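Understanding the architecture of this molecule
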Amino acid sequence: MSRSLDTDLAARPAELLTEEEARAELARLAAEIARHDRLYHAEDAPEIDDAAYDELRRRNTAIEAGFPELIRADSPSRRVGAAPSAGFAKVRHSVLMLSLENAFAEADLRDFFAGIRNFFRRPEDLALVAEDAIEIIAEPKIDGLSAALRYEQGRLVLGATRGDGVTGEDVTANIRTLPSVPAALAGNDWPEIVEIRGEVYMERAGFFAVNAERAAAGEPVFANPRNVAAGSLRQLDPGITARRPLKFFAYAWGEASRPFARTHAEALACFHRWGLSVNEHSRLCRGADSVLAYYRDVAERRSALPYDIDGVVYKLNDLALQDRLGMRSRAPRWALAHKFAAEQARTVMRGIMITVGRQGALTPTAMLDPITVGGVVVQRATLHNADEIARKDVRIGDTVVVQRAGDVIPQIVGVVLDRRPPDAKPFEFPDRCPVCGSMAVREDGMAVWRCGGGLICPAQAVERLKHFVARDGFDIEGLGAKHIADFWDGGLIRQPGDIFRLNPEIIAAREGWGEVSANKLTAAIDERRVIALDRFINALGIPQVGQATARLVARHYRSLGQWREEMEAAQDPDSPERAQLLDVHGIGKGMASDIIGFFAEPHNRAVLDDLAGEVSVLDYDPPVQKAPSPLAGKTVVFTGSLERMSRSEAKARAEALGANVASSVSAKTDYVVIGADAGSKAKRAAALGLATLDEAAWLDLAGPTQGA
Ligand code: IVH
């Protein structure tokens, strides 16, 4: 009875309410809106769309306008300005948070060891890195998410997620709720500042319990323990995190105000003494064979562990050697993740969908009957390209073997031929773009068919815009691939600059949007009007220029203006600017020609001009603050053989100090390091009057490389 009365009340126009009814309605709306706020912000599980939400708020405002004396202390209208923040504060990591290089086969592991032996060529190193002597700590690779805990004077002051490795999110309040994260370190031998890194994860039992609770409440369940760990750590309400059984294993560190260990094993022992959990299955191994035995042993015991692991991690034990090895663009050279074999399952392929990439690549995707592989439901798998389909002879209706490993896109391993329907025909790859209808073209020797529509193909343009706002580019919160496609369809955006001119009122009028969400989006867009140079370059989506190359370019050219000026000059094939680009270490011929080609296209230059009116691009700012290095920004060439250091170590050292290592001597070379038996490069350096260094002078400049 009262139910139908309430419903009636909720449906009655605001201006027809009596005072008593208005009071009841305002109470109901305050509770309703608060509940939806919580569902949306804290639980990532909204129950109503933005339009319905806005409607609730509008009704609240309308009733309050008629009965101002009834405005409640907890009225949603009073909370407008103080609405829960859209996310977490960003934290810049003082030391990059690296990820790991992956190995899948024994051969990759042997290469890792060979690489280490080739790097250390000093006579006194040889014993340390002999075949059976290389000391490695092997540990399980926990399937969770990495986090950094900063302790100052032994007290926890900051907990952060990894983010993109440069910038993460401040999740201190949530991290504090983990029982395995001490608020204060035990003992007294910790450095004044130490940032301990490790994995936040959930045991399988905890995962099942959380899911059972959600299922009982009619809420969607999580796919695997890793997702629930990530979701739980990124709650805006720490009360929710506290109720999720999260754990933490310490296995690495970032900034430390003084060295506190000589080996990785010692560091783990410190963490343990200071009250953190370290994994009890970590082992000291010597050489490749001992490491492989560990791998097999852990793989066998994997299902008996209470948490999910997706491989094992090997780390060179000696920290002085780690230091000398340094890192590649995103992973250290001294560590390796050895992944377990992928899990497989059988299902039926119902169709092949062709999607168009941002450079026009036509990529086939298998549409599958849903199947659970390694705890995750799989409905699509990549087929890579036309050759791959032909090679595997996958036909629509075939039963296929699907596999997935870790985070990688599921793949089709092969066809179960004896289950092939008799009428299945070989797949004919389309010869036209499914979106713009342009002829598909295939370059000589390339596996990929591309839409020949170039700038006229809307699919390519949409993909470029999606890439532009994605995480490694402009990283606009709340502007996902789905929204880009929708705004494109609505004619709101055609080129990147349009994103910054989006009008909240026009967005609010679109289906699924409301005033609040539209304003939130344009605020998020405004927040990104200032951007780092490397992110900006990556966002442009130049073929072959990803995050790592974008960093190289940013580091070399330092500002957008400088880069653009030099790339325009580099249009002339004989210009020094073109030679210079080719000389940037890590940039090959193909990449260089794609970069130059990008600037050759008037449309791209117009896009840049247009963007210049909307965003400001910061000059390059090296992410890791080290003592000023005399080599920062300098171009160095090595020639001849060095006695105290292998060529790979010398290169790694120079790069770690901020130098660009080039292979040929030009007028722009700052230093030429001349070892024994140097040939033509040394002569050329002399002819150009460049600064040359012998090995001793190089060692002075590059500083001590023995563990400090
Ligand atoms: S070491 C520089 N050790 O794996 C060293 N990582 O695939 C950085 N992970 O981002 C990581 N268990 O989230 C390390 N025992 C372990 C690990 C581990 C899991 C994760 C970590 C990392 C990812 C890289």
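Being a predicted model, the structure only gives us computed values, none of them experimental.

Focus: empty space enclosed by the protein
- According to the stated counting rule, one finds three cavities of 30 Å³ or more in the structure shown.
- The volume enclosed by the largest cavity comes to roughly 60 Å³.
- In terms of lining residues, the largest cavity is bounded by Glu139, Pro140, Ile142, Phe249, Ala250, Tyr251, Leu268, Val278, Asn279 and Ser282.
- Listed by contribution, the elements that provide at least two residues to the lining of the largest cavity are β3 (135-142) and β8 (246-256).
- Here the residues of the lining of the largest cavity sort into seven nonpolar, two polar and one charged.

Here's the deal with the site of the ligand
- Close to the ligand lie 13 residues; Glu139, Ile142, Glu199, Tyr251 and Lys315 are nearest.
- Within the side chain of Glu199, one N or O atom sits 2.7 Å away from an oxygen atom of the ligand.
- Contact distances for the ligand include 3.4 Å between an oxygen atom and a side-chain N or O atom of Tyr251.
- Protein chains bury 88% of the 530 Å² of accessible surface belonging to the ligand in isolation.
- Of all the secondary-structure elements, those providing two or more residues to the shell around the ligand are β3 and β10 (309-316).
- At four residues, β3 tops the list of elements feeding residues into the shell around the ligand.

Overview of the layout of surface pockets
- In this structure, the second largest pocket spans a volume of roughly 810 Å³.
- Around the second largest pocket, the lining is made up of 29 residues, and of these Arg358, Leu455, Arg464, Pro543 and Asn604 lie nearest the centre.
- Breaking the lining of the second largest pocket down by element, the ones donating at least two residues are β18 (449-451), α13 (458-469), α22 (589-600) and α23 (602-612).
- The biggest single contributor to the lining of the second largest pocket is α13, with five residues.
- Its residues assigned to classes, the lining of the second largest pocket comprises 13 nonpolar, nine polar and seven charged.

Comments concerning the sheet that holds β8
- Sheet architecture is open: four strands sit in the order β5-β4-β7-β8, paired in antiparallel fashion. Of all the strands in the sheet, the pair left with one neighbour each is β5 (155-161) and β8. Along the sheet, successive strands turn relative to each other by an average axial angle of 30°, direction set aside.
- Pairing of strand β7 (residues 193-202) with β8 involves eight bridges; the strand directions are antiparallel. Bridging across to β8, Arg197 finds its partner in Ala252.
- The sheet strands contacting helix α9 (residues 264-273) are β7 and β8, and the helix crosses β8 at an angle near 125°.

A few points about the sheet that holds β10
- With mixed pairing, the five strands of this open sheet are ordered in space as β2-β11-β10-β3-β9. Looking along the sheet, the strands with just one partner apiece sit at the ends: β2 (102-103) and β9 (283-286).
- Packing against the sheet, α9 makes contact with β3 and β10, and its axis sits at approximately 50° to β3.
- Along the sheet face, helix α10 (residues 287-301) touches β3, β9, β10 and β11 (335-339) and points at about 140° away from the line of β9.

Rules and cut-offs
Residues numbered from 1 in each chain as written. Predicted model: local features only at pLDDT ≥ 70, side-chain atom pairs only at ≥ 80, totals over all residues. Heavy atoms only, no water. 1 Å grid on protein atoms, 1.4 Å probe; cavity = no way out; pocket = protein on both sides within 12 Å on 5 of 7 lines; lining within 4 Å. Points joined across faces, edges and corners; volume = space filled by probe spheres on them. Helix = DSSP H or I, 4+ residues; strand = E, 2+ residues; numbered from the N terminus. Nonpolar A, V, L, I, M, F, W, Y, C, P; charged D, E, K, R; others polar. Near = heavy atom within 4 Å. Polar contact = N/O pair within 3.5 Å; in protein donor to acceptor, adjacent residues only side chain to side chain. Areas by Shrake-Rupley, 256 points an atom, 1.4 Å probe, with all protein chains shown as cover. Pairing = 2+ DSSP bridges. Axes fitted to C-alpha atoms, helices over the stretch in contact; angles between N-to-C directions. Contact = heavy atoms within 4.5 Å.

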